[in-house]
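# Notes for the structure review
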Amino acid sequence: MKVFLAYILDLILGDPEGYPHPVRLIGSLISKEERIIRKYAKGERALKIAGFVMCLFTTVVAYLVTYLLIYLAGFINCYFQYFLEVVLIYTTLATKDLAKAAYRVFKPLEEKDLETARKKLSFIVSRDTENLEEKDIIRGVLEAVSENISDGIIAPMFYAFLGGAPLAMLYKAASTLDSMVGYKNEKYKDLGFASAKLDDILNFIPARITGLLIVISSFLLGYDYKNSFKIFMRDRLKHDSPNSAHGEAALAGALGIQLGGLNYYFGKPVIKPKLGDKKVDLSLRHIKDSVKIMYMTSFIGLIVFYLFEIFFKKLI
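Residues numbered from 1 in each chain as written. Predicted model: local features only at pLDDT ≥ 70, side-chain atom pairs only at ≥ 80, totals over all residues. Heavy atoms only, no water.

### Considerations on the overall build of the protein chain
Condition: We count a stretch as a helix when DSSP gives it H or I for four or more residues in a row; a strand needs E for two or more, and each element gets its number in order from the N terminus. In this setup the radius of gyration rests on C-alpha atoms only. A globule is expected at 2.2 Å times the number of residues raised to 0.38. Burial classes: relative accessible area under 20% of the type maximum marks a residue as buried, over 50% as exposed, and values in between as partly exposed (1.4 Å probe, protein chains only). Whether two residues are in contact is decided by their heavy atoms: any pair within 4.5 Å suffices. Values of accessible area rely on a 1.4 Å probe in the Shrake-Rupley scheme; residue burial ignores everything except the protein chains shown. Counted as positive: Lys and Arg. Counted as negative: Asp and Glu. His and the chain ends are not counted at all. Where a charge lies is defined by one atom per residue type, namely NZ (Lys), CZ (Arg), CG (Asp) and CD (Glu).
Secondary structure summary: the protein chain contains 11 helices and two strands in total. Listing each helix as α and each strand as β along the protein chain from the N terminus yields α-α-α-α-α-α-α-α-α-α-β-β-α. Here the C-alpha atoms of the protein chain give a radius of gyration of 20 Å, agreeing with the 20 Å that 2.2 N^0.38 yields for 316 residues. Reported as C-alpha extents along the three principal axes, the dimensions of the protein chain are approximately 60 × 50 × 35 Å. Going through the 316 residues of the protein chain one by one, you find that 50% of them count as buried. For the protein chain, the proportion of contacts with a sequence separation of at least 24, taken over those separated by at least 6, is 71%. Here the protein chain has roughly 16,000 Å² of accessible surface; of this, 64% comes from carbon and sulfur atoms. Where the 41 positive side-chain charges of the protein chain centre and where its 33 negative ones centre are 2 Å apart.

### Overview of the environment of Met233
Inspection of the secondary structure puts Met233 in helix 9 (residues 225–235). When the C-alpha atoms of Met233 and Leu212 are compared, they prove to be 9.6 Å apart, with 21 residues separating the residues in sequence.

### Let's talk about the nonpolar core
Quick reminder of the rule: Nonpolar cores are built from buried Ala, Val, Leu, Ile, Met, Phe, Trp, Tyr and Cys residues. Side-chain atoms within 4.5 Å join them into one set.
Leu109, Leu142, Met157, Ile287 and Met294 are the most contacted members of the largest nonpolar core, which has 81 residues in total. Per-element accounting of this core gives the leading share, 24 residues, to helix 7 (residues 134–181). Once residues lying within four places of it in the same chain are set aside, the contact partners of Leu142 are Leu251, Ile257, Leu259, Leu282, His286, Ile287 and Ser290.

### Brief notes about unusual backbone geometry
Even without glycine at this site, Lys112 takes up a positive phi of about 65°. Here Lys112 lies in the loop between helix 5 (95–110) and helix 6 (114–121). Despite not being glycine, Phe266 has its phi angle at roughly 55°, a positive value. The class for Phe266 is exposed, based on a relative accessible area of 66%.

### Quick look at the packing of helix 1 (residues 2–13) against helix 11 (residues 285–315)
Packed helices, taken two at a time, are described by the angle their axes make and the gap between the axes. Filter applied, for reference: Orientation is described by lines fitted to C-alpha atoms, with helices fitted over the stretch in contact, and by angles between N-to-C directions that extend from 0 to 180 degrees. Note that the term roughly parallel is reserved for angles under 35 degrees, roughly antiparallel for angles over 145, roughly perpendicular for angles of 65 to 115, and oblique for everything else. Left-handed is the label given to a crossing in which the near helix is rotated counterclockwise from the far helix by less than a right angle, and right-handed is the label when the rotation is clockwise. Residue polarity follows a fixed list, in which Ala, Val, Leu, Ile, Met, Phe, Trp, Tyr, Cys and Pro are nonpolar, Asp, Glu, Lys and Arg are charged, and the others, Gly among them, are polar.
In the contact formed by helix 1 and helix 11, the axes pass within 11 Å of each other and the chain directions differ by 165°. Taken together, the axes of helix 1 and helix 11 are roughly antiparallel relative to one another. Here the hand of the crossing between helix 1 and helix 11 comes out left-handed. Here Val3, Phe4, Tyr7 and Leu11 of helix 1 come into contact with helix 11, specifically with Tyr295, Ser298, Phe299, Leu302, Ile303 and Tyr306. In terms of residue class, the contact of helix 1 with helix 11 is made up of nine nonpolar, one polar and no charged.

### Details of a nonpolar patch on the surface
As a reminder, the rule being used: In this scheme, patches are assembled from residues that exceed 30% relative accessible area and form no salt bridge. Like charges are connected within 9 Å, while nonpolar side chains (Val, Leu, Ile, Met, Phe, Trp, Tyr) are connected within 5 Å. Here, a salt bridge means any side-chain nitrogen of Lys or Arg that lies within 4 Å of a carboxyl oxygen of Asp or Glu.
A surface patch of nonpolar side chains, amounting to about 690 Å² of accessible area, comprises Met1, Leu5, Ile8, Leu11, Ile12, Leu13, Tyr82 and Tyr295. Summarising the element assignment, Tyr295 is placed in helix 11.

### Some points on the UniProt feature "transmembrane region" (unreviewed entry) in the protein chain
For clarity, the cut-off: UniProt positions are given in the numbering used here, feature names are shortened, and annotations may be inferred rather than shown by experiment.
When the UniProt feature table is mapped onto this chain numbering, "transmembrane region" (unreviewed entry) sits at residues 49–73, 79–99, 153–171, 201–223, 244–266 and 293–312. Taken end to end, residues 79–99 has its terminal C-alpha atoms 31 Å apart, with 81% of it in helix and 0% in strand. Between the C-alpha atoms that bound residues 201–223 there is a distance of 31 Å. The span itself is 91% helix and 0% strand.

### Structural notes on the pattern of salt bridges
Inspection of the entire model under this criterion finds 16 salt bridges. With its nearest N and O atoms 3.6 Å apart, the salt bridge here joins Glu44 to Lys189. In this pair, Glu44 is assigned in helix 3 (residues 44–73) and Lys189 in the loop between helix 7 and helix 8 (193–221), connecting sequence segments 145 residues apart. Among the residues examined, Lys189 registers a relative accessible area of 28% and is labelled partly exposed. We note a salt bridge from Glu143 to Arg127, for which the minimum N-O separation is 2.6 Å. You can see Glu143 sitting in helix 7 and its partner Arg127 sitting in the loop between helix 6 and helix 7, a full 16 residues away along the chain. A network of salt bridges, in which partner residues are shared, links Arg127, Asp136, Arg139 and Glu143.

### Regarding the pairing of strand 2 (residues 268–275)
Heads up, the rule is: Here, strands pair whenever DSSP counts at least two bridges between them.
In this sheet, strand 2 lies alongside strand 1 (residues 259–265) in antiparallel orientation, the contact comprising six bridges. Paired with Tyr264 across the strands is Pro269, a residue of strand 2. The hairpin formed by strand 1 and strand 2 contains two residues between the paired strands, and Phe266 there has a positive phi angle of roughly 55°.

### Re the environment of Thr66
Secondary-structure assignment places Thr66 in helix 3. For Thr66, a relative accessible area of 4% translates into the label buried. Note: C-alpha distance between Thr66 and Leu170 (104 residues apart in sequence) is 8.8 Å.

And the structure:
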């Protein structure tokens, strides 16, 4: 029930501006750790060891602080303790914010304002956006939505059902580490090695669940669920990352589009594997379609996890 209430809060409130969000606090901690590490750790080996320490410290702190807050809340009363855990789980979910981020790009595209659309897209993707044309901007939105269905909704939901707010917050700490330092470029390949690997491990199961949930959602919403499953099975392992292509492949199949292709990162060209078959050209309506599928996937995920929780409780 806690995750249900947290999910409803997320749908209603999203992430209010100025709210002291735990993920922002985690990001601030990571930035401070990086500054200290770069001041004292010199050389590849030292950076890699420091990266392991940073990864361990950040995730353990996230877990323990969350656990301690909930524990201390119990001394006030059980209702406040319950409420606090619901709120903390809510902060790990990003359903409404993901939809808002997609529509922040959709609206200027609808008005043919490519400059604003590129700027808004830059907030949700790590690729260079300054010179993207309309179809590449749309592709960027679809790839961001499909990947973040797992990272921002299904995975934290999965860990909240498994271990409550502390485990969900540990996951968010690992995800934030990966988004800040888990790059394979010269600057982060050593420092971010441990963070990237931990993120791969934690997302292994949720990413695959997400792909299957998108197929189910496609069926319920009247999209091409057969093609969604076909492309999911065919293309889900094409990326270098073991997890990032599952949601993208399932979404591409559902909409009959092709994702992937040429992107630029810090001015350098990177060709991502093509996912899906180009049955139709990318268009603005696909952004709306992806948001619909995202909402349905999040809801189905909630139901599925809840049913599994009831099933395992009965077994115990």
